[in-house]
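Summary of structural features
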Amino acid sequence: MINKKLGLTSLLTVGLLLTACTTSDNKETEKVSEDTKEDTSWSSVEEEGVLTVGTSGTYAPITFLNEENELTGFEVELVRELGEELGVEVEFETMQFDGLLPALRNGQIDVAANDFAITEERKEIFDFVDSHKYSYGSAIIRTEDDGKFESAYDLKGAKIGLGSLTSNYATFAENIGGETTAYDAGVDTILRDILNGNQDAYLNDRLVLQRNVEEFGDDGLMVDEDVKYHSSESALAVLKGNTELRDKLSEALATLKDEGRVSELSEEFLGADSTQPVDQSEVVSLEAE
């Protein structure tokens, strides 16, 4: 009886060891498989001949519909030139800003183009092409309030209009204690609400805001030069791991930069050359509290 028990115990021990080894081997095999998975992100695009790009079409002057109802804007035209440089056709899919990164994540689009700032949080899920735009955040305010906000910190408690509650500008507004409202109806609605007193400010990229004020055409509004926050680098986003596609786009972008085309497009749509890093000495960080 004793020998039988010992034999049974030994068999159980060996079985457990074999199971543990098998599980370990399976995990190691899965890891190796993941590590050696072939990246076909560019070859697939090249074979199909089409690069599918997601954008909102509602964020002038980055991406918008012109008077002929044609999609255009700084990043739209930049992507078109990248496609031409790479020898592929560019097809745009327009959707709400909040849906762009989820669409990229589920493979609906190859690239997301909507003035996306590179952040550590986004880099956990996405890869970014080399930067093509450097800027920082500012605010549109009533002209009569010029001097009211001596820095971005003074927006604490102010009523702030936003284009999206998932943007970096929304994060900053929350960090400094602003009373935020997101608008689906577009920038003009926000600006009218600032004029009539329903909002105190509209936060966004300073270059975008300057064009917004110019196109709105009301002297009662201005970009507050004292409000400087969230220094940013903007780039096209691809799914993390799509290194081949990212690198091809970066190579094409470098060529366009060398030829001066990125600067020209920036001047055309943003009114300034945004290809060089900005002086951050007076810019409040995104994490300000």
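Owing to the predicted nature of the structure, the values given are computational and were not obtained by experimental measurement.

**Notes on the overall build of the chain**
The helix and strand inventory of the chain stands at 10 helices and 14 strands. Partitioning the contacts of the chain with sequence separation of at least 6, the portion at a separation of at least 24 is 74%. Here the chain has roughly 15300 Å² of accessible surface; of this, 45% comes from carbon and sulfur atoms.

**Brief notes about the side chain of T275**
Within the fold, T275 resides in the segment after α10 (261–270). By relative accessible area, which is 11% here, T275 ends up buried. At 2.7 Å, the side chain of T275 forms a polar contact with the side chain of D273. If sequence neighbours within four positions are ignored, T275 has contacts with H132, Y134, V262 and S263.

**So, the nonpolar core**
In terms of nonpolar packing, the biggest core is built from 33 residues, with L51, V53, L82, V111 and L249 touching the most fellow members. At the level of elements, α2 (41–48), β1 (50–55), α3 (74–86), β5 (89–94), α8 (206–216), α9 (243–258) and α10 are the ones that each hand at least two residues to this core. Per element, the largest residue contribution to this core is 6 residues, and it comes from α3. L51 has contacts with V45, V88, E89, V90, E91, D110, V111, L245 and L249, leaving out every residue within four places of it along the chain. If you look at the next biggest cluster of nonpolar residues, it comprises 19 residues, including L155, I160, A201 and Y229.

**Quick look at the sheet that holds strand β4 (residues 71–72)**
As summarised here, the arrangement of the 3 strands in space is β2-β3-β4, forming an open sheet in which the pairing is antiparallel. Every other strand in the sheet has two partners, leaving β2 (58–59) and β4 as the edge strands with one partner each. Bridge analysis of β2 against strand β3 (residues 63–65) gives 2 bridges, and the strand direction is antiparallel. When the bridges of β3 are listed, T58 appears paired with F64.

**Thoughts on the environment of D273**
Within the fold, D273 resides in the segment after α10. Considered as a pair, D273 and K133 are 140 residues apart in the sequence and their alpha carbons are 8.5 Å apart. Contact partners of D273, with chain neighbours within four places excluded, come to S263, S266 and E267.

**Structural notes on α10**
Along an α-helix, residues three or four positions apart point the same way, because every turn accommodates 3.6 residues. All buried positions along α10 are accounted for by V262, L265, S266, F269 and L270. The buried residues of α10 all sit within an arc of 100° when viewed along its axis, so they share a single face. As for α10, its buried residues are in contact with β3, β4, α3, β8 (133–142), α8 and α9. Phi for G271, located one or two positions after α10, is positive at around 80°.

**Concerning the environment of N242**
In this structure, N242 sits in the loop between β14 (237–239) and α9. In this structure N242 touches D39, S41 and D127, once residues within four positions along its chain are discounted.

**Some words on the pattern of salt bridges**
The final tally for this structure, using the stated rule, is 12 salt bridges. Note that K133 is salt-bridged to D205, the shortest N-O span being 2.8 Å. With K133 in strand β8 and D205 in strand β11 (residues 201–205), this pair connects stretches of sequence that are 72 residues apart. With relative accessibility at 1%, the residue K133 sits in the buried group. In this structure D205 comes out as buried when scored by relative accessible area, which is 0%. With a shortest N-O distance of 3.1 Å, D145 and R142 are connected by a salt bridge. It is possible to trace a salt-bridge network through shared partners that takes in D127, K240, R246 and D247.

**Let's talk about a negative patch on the surface**
On the surface, a cluster of negative charge is made up of E46, E47, E48, E89 and E91. Where the negative patch is concerned, the elements lending two or more residues are α2 and β5. Ranked by residue count, the leading element in the negative patch is α2, at 3 residues. The residue E91 is located in strand β5 in this model.

Calculation notes
- Residues numbered from 1 in each chain as written.
- Predicted model: local features only at pLDDT ≥ 70, side-chain atom pairs only at ≥ 80, totals over all residues.
- Heavy atoms only, no water.
- Helix = DSSP H or I, 4+ residues; strand = E, 2+ residues; numbered from the N terminus.
- Contact = heavy atoms within 4.5 Å.
- Areas by Shrake-Rupley, 256 points an atom, 1.4 Å probe, with all protein chains shown as cover.
- Buried < 20%, exposed > 50% of the residue type's maximum accessible area, 1.4 Å probe, protein only.
- Polar contact = N/O pair within 3.5 Å; in protein donor to acceptor, adjacent residues only side chain to side chain.
- Core = buried A, V, L, I, M, F, W, Y, C linked by side-chain atoms within 4.5 Å.
- Pairing = 2+ DSSP bridges.
- Arc of directions from axis to C-beta.
- Salt bridge = Lys/Arg side-chain N within 4 Å of Asp/Glu carboxyl O.
- Patch = residues over 30% accessible without salt bridge, like charges linked within 9 Å, V, L, I, M, F, W, Y side chains within 5 Å.
- Lys, Arg positive; Asp, Glu negative; His and termini not counted.
- Charge placed at Lys NZ, Arg CZ, Asp CG, Glu CD.

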